[in-house]
Structure formats: structure tokens, C-alpha cells
Amino acid sequence: MALNEGGAGAALSDHSDTGTLHLRARTTHPPPVEPMISAGEGPGRLTSIDLFAGAGGLTEGLARAGIRTVRAVESDLSAAATFEANHGVGTTYAGSIEDWLEGDDVPSADLVVGGPPCQGFSQLNRNRVGTERNSLWKHYAETIRRARPRWFVMENVATFLRSPEFERLQRWTRPDGPLADWSVEAHVLLASDFGAAQNRRRAVVLGSRRDAPRLRWPEATHVTRRRTVRDALDGIRPSVIEVDLPEGTTSFAGKRFPGTFRTDQLHLTRRYEDLSLRRFRAIPAGGNRFDLPDELKTPCWRAHTSGSGDVMGRLMWERPSVTIRTEFFKPEKGRYIHPTEHRAITHHEAARIQGFPDSYLWVGSKTEIARQIGNAVPVELAQALGSAITDAAGRS
């Protein structure tokens, strides 16, 4: 059965070694019914599909802009449980995107959003761990082809825009490509420009179907007055002695998980060794590992007198935070020591910096929840992108 690249009943397949795009046959479905174009409350709200949804940072921001997520796909079960606890029972497909595309109907939606796994693109990934997962972005493209949204938003690490995968995505939107009905443009956005208390840079790709109003880039609202760590942590008591999660478990996808916990129940510290506490005390406001006396430095730190100034660094009250990553609870991983306390920031504090409200619910172990927090899109950035969608809908 011969199929054209843009033809119905075709699914994306890619031979990366040759740079050639092929299609494999698949069962056809009736064309999706066009969703209604209007923002606000009720059945006429704009709708979205959230892929690689994680804990729901993107969906939380979109919801603040008036966009309702009708389907989310997430393979990490604890993250999927967190998403569902906040955004509706039955919304989440807890499994791989491959299995979802194979066995579930793709609903129609105004918008497809998501951040395909970025480990292979990250500059921190010197060993190229997870590079085989970069191909998952192609399943994102297949969802676009099947759902036929008016718009899509893809976010990733900044280096994605220099990757062969992004070049291939651009080729696919040419007139003879499988995504020929969409045009794309991309920029690197700084989350603190849009109200996040965090200097997190993310590549954002905006896609507009050619018969829909073109998406405009959201306006930076906080360039002259950025939100700071002090703003984000307002009202959180500095002292903390609790270490363990509260009691309680919840069931999801046939398994039991710790939870659910509100964000403000996650003000939890760690059991530090005396050496770590001595190091924390020796680091002044705004300081880092370079401020340590030699007897408190590791052999590696003594041997390397240059390099990152964020390792064992204190956050600064009057500046935005550095990027919150999945191991923010380990000061040796970055500038994650509290501005004045002798400890790393807590899960509560990290979630606040990422824009999550204190009422947000979390499922999983401390390590799993930390991964969910660090992998999330800052909620304020997601809200700004959502506003760009509703602006486009208003011009239709």
C-alpha cells in the first residue's frame, strides 16, 4: 500500500541514518471533529492534549489562562498520579506515548503541548545518557498529525534548537512533509521574563496550522522587575526539622504510592552529616564552594580552582533562583543552599520557585516528587504561553 507523506492513514517513521522520512501503514480513523474556538468557562473552553505531561506544570499554567486539558500522557506512574490528583480523574493515560498511540483514540483538541524527554539534548549530559529517548519527539509529531490541533507548543532544553531533530521537524513542515499543514517558529525564552522566580532558559517551538491565526510570542512582563527568591518563598518559615513525608498512601494504576501531599506539607529537610553542616556554615551569603577553607573542600574542589560557581552555592534573596533541577536537594549539584539557613532548599521551596501553589497535590516518594518538581515547566511561563493561545483564538 503506497502512501504519500501527508496522506491519511499514515504514521510517521524516520530512518535517521539516511535522513529519509518514511511512513508505515496504520488503521485509519474518521477525521476529528473540530473543537470549538472560544476561551473562558464551560464546554466552549479551548482544549489541550498534554504529552510527556509530568506533574502538570504546563497544564497548570494553561488552566490559569482558561485552557482545559482533555488528555495527558505520562509514563512515570508517580508523576501520572500527581497529574491526575490535580487535573481530573480519567484525564491521564499512565503509560508510554507509543502504547497510547497504538491502543487509544487520539481526541481532537485545539492545542497539543509537551516537552519530549530532554536528557539527550542537555549540555549536562556529557555521557549522552538517554539519547535513544530523543526519538520520542517523533511521537509528539505523530499526535499532531492525528489530532490536527490548530496550534502546538513544544518545549525543551535550549540546545534542542541546535539538534538534528529540530532540523528534521522543520523539514517535516515543508509543503511535501507530513506536517505540511503547520508552520513553526522557535525561540529560547527566559522564565523570569514572564514572572517565574527562576532564571530557567527553555527552547519553545510554536506551531500554527496554516488555516488558523498564527501564534504570537508572549510579551515579556517582568524584565524590569523580576520576581526573586524572596518573593517565591514569602510566608515559608525558614527553620525546618521534619525529614520524612507524612503518613498516607494512595492507589493509582493498580499500585500504592505515598500521598497525596499538599505542597505545604513538603517543607522537609535531610539528615546531614557533620561535614556537610560545617560546609554550609562556612559559605557566606551569595557564596559557593570557592569560599570554603581547604580543610572543608573535597580533593576535587582543591584541584579545580575554576569552573562552576554554583556548586555548593547559596541562593540570593534579591535575585531569581537558578534553574531548579531534579536533585535540588543536593547542594553539590548546584546553587541550592537556602539564602540564610544551613541546608538545601526543601521540596516546598523548590515547588514554590517553580510556580506551584501550596494547595497542589503530590504523589510519590521524596525522590520521585523532587524529580516531578525539577522536570516541570515553570507555571508562570506556561501561563504566558497559554495567554498567547487564547490571544490567537480571539483573532479567529
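Structure's up top.
Residues numbered from 1 in each chain as written. Predicted model: local features only at pLDDT ≥ 70, side-chain atom pairs only at ≥ 80, totals over all residues. Heavy atoms only, no water.

*Asks:* I would appreciate a short explanation of the packing of helix H4 (residues 136-147) against helix H5 (residues 164-172) in the present structure.
*Replies:* In a pair of packed helices, the angle between the axes and the distance between the axes together describe the arrangement. Interaxial distance between H4 and H5 falls to 11 Å at its minimum, and their mutual angle equals 20°. Here H4 is positioned roughly parallel relative to H5, judged by the angle of their axes. Remark: the crossing between H4 and H5 carries right-handed chirality. Contacts between H4 and H5 pair Trp 137, Lys 138 and Ala 141 from the former with Glu 165, Arg 168, Leu 169 and Trp 172 from the latter. Here the contact of H4 with H5 is composed, by residue class, of four nonpolar, no polar and three charged. (Axes fitted to C-alpha atoms, helices over the stretch in contact; angles between N-to-C directions. Helix = DSSP H or I, 4+ residues; strand = E, 2+ residues; numbered from the N terminus. Parallel < 35°, antiparallel > 145°, perpendicular 65-115°, else oblique. Left-handed = near helix turned anticlockwise from the far one by under 90°. Contact = heavy atoms within 4.5 Å. Nonpolar A, V, L, I, M, F, W, Y, C, P; charged D, E, K, R; others polar.)

*Asks:* What should I look at first to understand the sheet that holds strand E3 (residues 46-51) in this one?
*Replies:* Strand pairing in a sheet relies on backbone hydrogen bonds. The paired strands run either parallel or antiparallel. With mixed pairing, the seven strands of this open sheet are ordered in space as E5-E4-E3-E6-E7-E9-E8. If you trace the sheet from one side to the other, it starts and ends with strand E5 (92-94) and strand E8 (182-190), each paired once. Across the sheet, the mean angle separating the axes of adjacent strands is 15° when strand polarity is ignored. Lying over the sheet, H4 contacts E3, strand E6 (111-114), strand E7 (151-156) and E8, oriented at roughly 170° with respect to E6. (Pairing = 2+ DSSP bridges.)

*Asks:* Can you walk me through the sheet that holds strand E12 (residues 361-363) in this structure?
*Replies:* Judged by pairing direction, the sheet is antiparallel, and its three strands sit side by side in the order E10-E11-E12 without closing on themselves. Both outer strands of the open sheet, strand E10 (249-252) and E12, are each paired with one neighbouring strand and no more. The sheet shows a mean angle of 40° between the axes of neighbouring strands, taken without regard to direction. Of the strand pairs in this sheet, E10 and strand E11 (residues 255-262) are connected by four bridges, and their pairing is antiparallel. Among the inter-strand pairings, Thr 250 is bridged to a residue of E11, identified as Phe 257.

*Asks:* Where do I start with unusual backbone geometry in this structure?
*Replies:* Negative phi is the rule for most residues except glycine; trans is the rule for most peptide bonds. Look at the link from Gly 259 to Thr 260: it is a cis peptide, with omega at -5°. Despite not being glycine, Ala 253 shows a phi value in the positive range, around 55°. Among the structural elements, Ala 253 can be located in the loop between E10 and E11. Backbone geometry places Met 312, a non-glycine residue, at a positive phi of 55°. Relative to the helices and strands, Met 312 is located in the loop between helix H8 (299-303) and helix H9 (347-353).

*Asks:* For this particular structure, what's the right way to read the packing of helix H1 (residues 57-64) against helix H11 (residues 379-394)?
*Replies:* Where H1 meets H11, the axes come as close as 7 Å, and the angle between the chain directions of the two elements is 50°. It follows from the interaxial angle that H1 and H11 lie oblique. The interaxial crossing formed by H1 with H11 has right-handed handedness. Facing Gly 57, Leu 58, Glu 60, Gly 61, Leu 62 and Arg 64 of H1, the residues of H11 in contact are Val 379, Ala 382, Gln 383 and Gly 386. A per-class count over the contact of H1 with H11 returns four nonpolar, four polar and two charged.

*Asks:* What am I meant to see in the nonpolar core here?
*Replies:* In summary, soluble globular proteins display a tendency toward joint burial of nonpolar side chains. Ranked by size, the top nonpolar core spans 27 residues in total, and within it Ile 324, Phe 328, Ile 345, Ile 353, Phe 356, Trp 362 and Ile 373 carry the most contacts. Mapped onto this core, the elements with two or more residues apiece are helix H6 (229-232), H9 and helix H10 (366-375). In this structure Phe 328 touches Tyr 336, Ala 344, Ile 345, Thr 346, His 347, Ala 350, Ala 370 and Ile 373, once residues within four positions along its chain are discounted. Residues Leu 51, Leu 136, Ala 141 and Phe 152 belong to the second largest nonpolar core, which totals 25 residues. (Core = buried A, V, L, I, M, F, W, Y, C linked by side-chain atoms within 4.5 Å. Buried < 20%, exposed > 50% of the residue type's maximum accessible area, 1.4 Å probe, protein only.)

*Asks:* In this structure, what is going on with the side chain of Glu 74? I would like to understand it.
*Replies:* Relative to the assigned elements, Glu 74 resides in strand E4 (residues 67-74). Within polar-contact distance, the side chain of Glu 74 engages the backbone nitrogen of Gly 54 at 2.7 Å. (Polar contact = N/O pair within 3.5 Å; in protein donor to acceptor, adjacent residues only side chain to side chain.)

*Asks:* Looking at this structure, I do not really get H10. What am I missing?
*Replies:* Counting along an α-helix, one turn takes 3.6 residues, and residues three or four places apart therefore face a common direction. By the burial criterion, the buried members of H10 are Lys 366, Ile 369, Ala 370, Gln 372, Ile 373 and Gly 374. Taken together, the buried residues of H10 touch helix H2 (77-87), E11, H9 and E12.

So, to be careful, I would describe these as geometric facts and stop short of saying anything about function.
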